[in-house]
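Now for the letters of each chain:
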Amino acid sequence: MAAIQDDLSMNLEAGGVAPDVRPDTPVKDPVQWMKENLFSSVGNALLTGVFVAVLGGLLWWFVGLVFKDSNDWDAVATNIRLLFSFNYPAEQYIRVWFSLGMLLGAVSLTAAFFDINPSMSVRKLGINASGLGATSLIVGVLPATPSGARIVFLIIGALFLAAGVGTLQAVDEPHKKFVSFPTMLLTFGLSVVAFAWLVPIGRNEFANGAVIDEGGFANPSTKIPWTIMMAILVGVYFLARAVKPMLPVKPVQTFLITFWVAGPAFLIFLVLRDPTFDYDRVLKVDIPWAIGFAVVGGAILYWLTKPMLGEIGRLVAVALLGVAVLNWVAAFFGWWSMLQKTRVSFLVLALFALAAPTFAGEKSARVRYVGAWVAVVALGHWLITGINTTSTLDIAAPPFLGGFTISLVIFYYVMLVSFPLGAIMALARTSTLPIFRVMATVYIEFIRGIPLITVLFFFSSMVSLFLPNGMDLSELAAIFIGYTLFSAAYVAENIRGGLQSVRRGQFEASDALGLTTSQRTIFVVLPQALRVSIPNLVGQAIATFKETSLIFIVGAFDFLRVANVSIASQPDYLGQNLVGLLFVSAVYWVFAYSMSRASRSLETKLGVGSR
Amino acid sequence: MTASFTDPNAALSPELAARDDMINCRGVKKWFGDFQALKGVDLTVKDREVMVVLGPSGSGKSTLIRCINRLEVHQEGDITVDGIELTNDLRNIDKIRSEVGMVFQQFNLFPHLTVLDNITLAPIWVRKKARVEAEATARALLERVGIPEQADKFPGQLSGGQQQRVAIARSLAMEPKIMLFDEPTSALDPEMISEVLDVMKGLADSGMTMVVVTHEMGFAREVADRLVFMEEGNVVEINEPGAFFTNPNSDRTKLFLSQIL
């Protein structure tokens, strides 16, 4: 913009003629718009009529479904905690709020440090408000709506419609004015808090085995935590914006990405489970092992990343891999005993050693590589210790999580593992080495030919038959493995599509510069392939997220099962499946739609560097 | 008569003849499927020589220089670069590629990296340089090709001429002994050609060994030490620029020149 103005003024100074200013495209008024787009011809008008009739019929039917006489929406209100966190004990609920607070804080930090600030034009805002108001009015008029709700719908509809139309009328050039992201965020936070404190939504909960159903304002155990959550969401955002100029942005961004990848695992195992650490053993066994691996492994890796090390480095890496594999074989046959985490650490060290030549460089690059290793050791040992320590949490049923949380957890872990696995499969399938290519192709085509439900059944019931004596796989772990293997095949195909779109010239330029094959893949080919694959990968992620509801058929108490089975079999809400299903659908839709929107803005953002 | 003007050492000035060989091609043959693209090419490029390869399209010029850094694999004959024989041994290929820079017709910049990252990628990961040092070199190179202010932009935000100059800087960052140019100005708008040619002239003046495939006759006449004319996979004539344009040896060269000049 400034550049154009500079050009303009230079032109004028030089005695030139100022270029004409492009006239504004006039914003059409609604009647004109409808005439041009909905009733432009007889056929068009007919189509519009049919469409409106079908839409109206659907709305009528849907409103009838929601307000059916036999529906008892208290079933959802009373069981809201059961739906989201299953039978997590109420006295430990602070841990759930802590986790949610961490996630919301991370959302705000991410928005602030990655400059994510979607804005909405005032015109769009007005149109959305008017549309919402009009829909609400129509629902209020429909005969299926019960009389109590009718008044509420009519009032809300009138308010929104008036606000929307009023905004469009009062604001000059509404398509040129924008509501900024901070304003929207603040409005959202305040609305949630106001709703929680000022609207008499009633109290519904289970307490001491009895259903409580009274009117009045929300329970303090609901509205106080939500107020704090909103304070975190909004407060962290504004705080982050304030301190951003004083902080180095790159490291914070790296930290945030790490948090999104590893953070949920931390929350699940160390916050929601509350392990009882045996600190004596931690000091005497766990910490020395971790330090040993960090120091000795770090030294080996520092040596292996020396430039031009040659064959000896590869030999050492392969030897390490041999030791790592031998450890697992030994554990399988019981030859010698070893801590589980040392086996894992050996394996990870071998992988780091194999990758070392690719990341070799001068001192700072080598130190960074060793730093990554130390971080992996620290995080890994902490998590493995936490997972293997018994929890103080006293939970009646075996799974410590259920409901919507277990759907999210399965989704998170499946994504976390199947993305890298899928990327490796895709590379293997496009590799020039026939063994890799054939193996990857067989795996991908085999998995893609089988329905997910078969894979899940296989892993939940059959796999334990093939395991050796004494080895046990929990139901959830089996489901997770099956689902991950399934998802990886689809991720691989999506990434392969991206790989094929990378132009030949990119390979040639990398080769001409002397990059090795793995360097070419990591620094040049994969980043471009992944960018192209984003829409498909997000589609795959959304599908995975929704299909987590399939784990219900193999016995897990996920969101769908709680709604459809658990609630409907409570004596107070016998047979209330419909409300549960409607509620579950609404929540799934909100999450899936948000993911889809997020991916669209990600595509636009990444488009900056594209051709 | 025929042998003399396709002799790889033809038309060498005494000064050039005294220098070491940088590139030696002997009897190089190359097939794409059943089609023979190179039919036994003999060529010698001397140290600090600028050799321009001319010829109609499909004559094998690009194939020849792409064989020199193993982007294409030749099936018969020998290629030696700076004393290193080009064989299937990966270590030799890596060594040669780190000594030979290449500039492509389509630039082939990495679109997901900034200009600076494009230039520093190979020095950091192949030459194992410190990032700070690599960035300083990159900025100096951008200064040299005349676009220091574009360092933090993405290739897609630059004009074609600017992109090609970044591509030259990217190759130079590896400190090559030899630069190969594969029709570097063919994909450019006319008004951007000269800015790229100027950079190449500067490079030639600084004593870089260069093999240039181009259709820019002005550049060939002004900068080249020797010209090579190729047709249908054969070297038809090797000559010094003055004689090549005014009194070519072969009839085929005469015909070619009459068509384009």
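Predicted model only: the values in this text are computed from it and were never measured.

S.K.: Help me understand the overall build of chain A, please; the structure alone is not making it clear to me.
M.R.: The secondary structure content of chain A amounts to 23 helices and 4 strands. When the backbone C-alpha atoms are referred to their principal axes, chain A occupies close to 85 × 80 × 50 Å. When the 611 residues of chain A are sorted by exposure, 36% land in the buried category. Taking contacts inside chain A between residues at least 6 apart in sequence as the whole, the part at least 24 apart equals 76%. Only carbon and sulfur atoms are counted for the fraction: they give 71% of the accessible area of chain A, which is about 33900 Å².

S.K.: Where do I start with the overall build of chain B in this structure?
M.R.: Within chain B, the secondary structure is distributed over 11 helices and 10 strands. The C-alpha radius of gyration computed for chain B amounts to 18 Å, which stays within 12% of the reference 18 Å derived for 261 residues, consistent with globular compactness. Along the three orthogonal principal directions, the C-alpha set of chain B runs to about 55 × 45 × 40 Å. In chain B, which comprises 261 residues, the proportion classed as buried is 58%. Of the contacts formed within chain B by residues at least 6 apart in sequence, a portion of 66% connects residues at least 24 apart. Of the roughly 10400 Å² of accessible surface on chain B, a fraction of 47% belongs to carbon and sulfur atoms. Computed over 28 positive and 38 negative side-chain charges, the inter-centroid distance for chain B is 3 Å.

S.K.: Can you walk me through the domain arrangement of chain A in this structure?
M.R.: Residue and element names in this part refer to chain A. Taken domain by domain, chain A comprises domain 1 (58-253), domain 2 (277-389) and domain 3 (400-611). With centres defined by C-alpha atoms, the gap from domain 2 to domain 3 works out at 28 Å. Domain 2 puts 4 residues into the contact, and the matching count from domain 3 is 5 residues. Buried surface at the junction of domain 2 and domain 3, summed over both partners, amounts to about 350 Å²; 72% is from carbon and sulfur atoms. When the buried area of domain 2 at its contact with domain 3 is split by residue, Phe332, Thr358 and Phe359 rank highest and sum to 96% of it.

S.K.: Got a minute to help me understand the packing of aromatic side chains in this structure?
M.R.: When we look at a pair of aromatic rings, we describe it by the centre distance and by the angle of the planes. Residues and elements named next belong to chain A. Enumeration over the complete set of coordinates arrives at 37 aromatic pairs over all chains. Judged by centre distance (5.5 Å) and plane angle (85°), the ring pair of Phe293 and Phe346 falls under edge-to-face. Placement of Phe293 in helix 12 (residues 279-304) and of Phe346 in helix 14 (residues 340-359) is noted, with a sequence separation of 53 residues between them. Residue Phe293 is classed as buried on the basis of its relative accessible area of 7%. Under the relative-accessibility criterion, Phe346 is labelled partly exposed at 21%. Grouped by ring-pair contacts, the aromatic residues Phe84, Phe404, Phe411, Phe545, Phe559, Phe583, Tyr588 and Phe591 constitute a single cluster. In this arrangement the basic side chain of Arg366 is found over the ring face of Tyr302, its NZ or CZ atom lying 4.0 Å from the centre.

S.K.: Before we go on, may I ask you to explain the sheet that holds strand 7 (residues 178-182) of chain B in this structure?
M.R.: By definition, the strands of a sheet pair up through backbone hydrogen bonds, in either a parallel or an antiparallel sense. Residue and element names in this part refer to chain B. Spatial strand order, 6-7-8-3-9-10: 6 strands in an open sheet with mixed pairing. Edge positions in the sheet fall to strand 6 (100-103) and strand 10 (234-239), since each of these pairs with one other strand and no more. In this sheet, neighbouring strand axes are inclined to one another by 20° on average, regardless of whether the strands run parallel or antiparallel. Against the sheet, helix 3 (residues 61-68) touches strand 3 (50-54), strand 6, strand 7, strand 8 (209-213) and strand 9 (226-231), its axis set at about 150° to strand 7. Against the sheet, helix 8 (residues 190-205) contacts strand 3, strand 7 and strand 8, and its axis sits at roughly 150° relative to strand 8.

S.K.: How should the side chain of Asp286 of chain A be read in this particular structure?
M.R.: Positionally, Asp286 of chain A belongs in helix 12. Those residues in contact with Asp286 of chain A that lie beyond four places of it in its chain are Arg281, Lys341, His381 and Thr385 of chain A.

S.K.: Quick question: what am I supposed to make of empty space enclosed by the protein here?
M.R.: A water-sized probe rolled over the atoms picks out the places where empty space is left. Residue and element names in this part refer to chain A. All chains considered together, the criterion is met by 3 cavities of 30 Å³ or more. In this structure, the largest cavity occupies an estimated 40 Å³ of space. Ranked by the residues each element gives to the lining of the largest cavity, the list is headed by helix 15 (residues 363-388), at 3 residues. Tallied by class, residues from the lining of the largest cavity come to 3 nonpolar, 1 polar and 4 charged. Here the second largest cavity is characterised by a volume of approximately 40 Å³.

S.K.: Which parts of the structure should I look at to understand the state of the cysteines?
M.R.: Residue and element names in this part refer to chain B. In the structure shown here, the tally under the stated rule is 0 disulfides over all chains. Looking at the unpaired Cys25, the closest cysteine sulfur is the one in Cys67, lying at 8.2 Å. Judged by its relative accessible area of 0%, Cys25 falls in the buried class. The exposure class assigned to Cys67 is buried, which follows from its relative accessible area of 0%.

S.K.: Would you explain the pattern of salt bridges in this entry?
M.R.: Side chains that carry opposite charge are capable of pairing whenever their charged atoms lie near each other. Residue and element names in this part refer to chain A. Applying the stated criterion to the full structure yields 28 salt bridges over all chains. In this structure, the salt-bridge partner of Glu493 is Arg448, at a minimum N-O distance of 3.7 Å. Of this pair, Glu493 sits in helix 19 (residues 475-501) while Arg448 sits in helix 17 (residues 434-448), and the two are 45 residues apart along the sequence. Accessibility expressed as a relative area gives 35% for Arg448, which makes it partly exposed. With a closest N to O distance of 3.1 Å, Glu508 and Arg504 form a salt bridge. With Glu508 and Arg504 both in helix 20 (residues 504-513) and 4 residues apart, the pair spans about one turn of that helix. Its relative accessible area of 56% is what places Arg504 among the exposed residues.

S.K.: Looking at this model, I keep getting lost on unusual backbone geometry. Mind explaining?
M.R.: Peptide bonds are, in most cases, trans, and in most cases residues other than glycine have a negative phi. Residue and element names in this part refer to chain B. Backbone geometry places Ala11, a non-glycine residue, at a positive phi of 60°. Its place among the elements puts Ala11 in the loop between helix 1 (2-6) and helix 2 (14-17). Not every positive phi belongs to a glycine, and Glu175 is a case in point at roughly 50°. Note that Glu175 resides in the loop between helix 7 (160-172) and strand 7.

S.K.: What is the right way to look at the interface of chain B and chain A in this model?
M.R.: Interface size is often expressed as the accessible area that is lost when the parts come together. Residue-level contacts link 25 residues of chain B with 29 residues of chain A. Between chain B and chain A, roughly 2500 Å² of surface is buried when both sides are summed, and carbon and sulfur atoms account for 61% of that area. Here chain B is connected to chain A by 2 salt bridges. The salt bridge partner of Glu508 of chain A is Arg66 of chain B, with a shortest N-O separation of 2.5 Å. Only strand 6, helix 5 (115-125) and helix 7 of chain B provide two or more residues apiece to the side of chain B that touches chain A.

S.K.: I tried to follow helix 5 of chain B on my own but got confused; where do I start?
M.R.: Residue pairs spaced three or four apart in an α-helix point in one direction, given the helix's 3.6 residues per turn. The element helix 5 of chain B is extensively covered by neighbouring structure, given that 10 of its 11 residues are classed as buried. Every buried residue belonging to helix 5 of chain B is among Val115, Leu116, Asn118, Ile119, Thr120, Leu121, Ala122, Pro123, Ile124 and Trp125 of chain B, and all of these are buried.

S.K.: Would you take a moment to explain a nonpolar patch on the surface for this structure?
M.R.: Together, Leu132, Ile151, Val152, Ile155, Ile156, Leu159 and Phe160 of chain A give the surface a local cluster of nonpolar side chains, amounting to about 650 Å² of exposed area. Tracing the chain through its elements places Ile151 of chain A in helix 8 (residues 147-170).

Rules of the game
Residues numbered from 1 in each chain as written. Chains lettered and ligands numbered in written order. Predicted model: local features only at pLDDT ≥ 70, side-chain atom pairs only at ≥ 80, totals over all residues. Heavy atoms only, no water. Helix = DSSP H or I, 4+ residues; strand = E, 2+ residues; numbered from the N terminus. Buried < 20%, exposed > 50% of the residue type's maximum accessible area, 1.4 Å probe, protein only. Contact = heavy atoms within 4.5 Å. Areas by Shrake-Rupley, 256 points an atom, 1.4 Å probe, with all protein chains shown as cover. Rg over C-alpha atoms; globule rule 2.2 N^0.38 Å. Lys, Arg positive; Asp, Glu negative; His and termini not counted. Charge placed at Lys NZ, Arg CZ, Asp CG, Glu CD. Domains from an automatic or database assignment. Buried area = accessible area lost by both parts, 1.4 Å probe. Phe/Tyr/Trp six-rings, centres within 6.5 Å; stacked < 30°, edge-to-face > 60°. Lys NZ or Arg CZ within 6 Å of the ring centre and 35° of its normal. Pairing = 2+ DSSP bridges. Axes fitted to C-alpha atoms, helices over the stretch in contact; angles between N-to-C directions. 1 Å grid on protein atoms, 1.4 Å probe; cavity = no way out; pocket = protein on both sides within 12 Å on 5 of 7 lines; lining within 4 Å. Points joined across faces, edges and corners; volume = space filled by probe spheres on them. Nonpolar A, V, L, I, M, F, W, Y, C, P; charged D, E, K, R; others polar. Disulfide = S-S within 2.5 Å. Salt bridge = Lys/Arg side-chain N within 4 Å of Asp/Glu carboxyl O. Patch = residues over 30% accessible without salt bridge, like charges linked within 9 Å, V, L, I, M, F, W, Y side chains within 5 Å.

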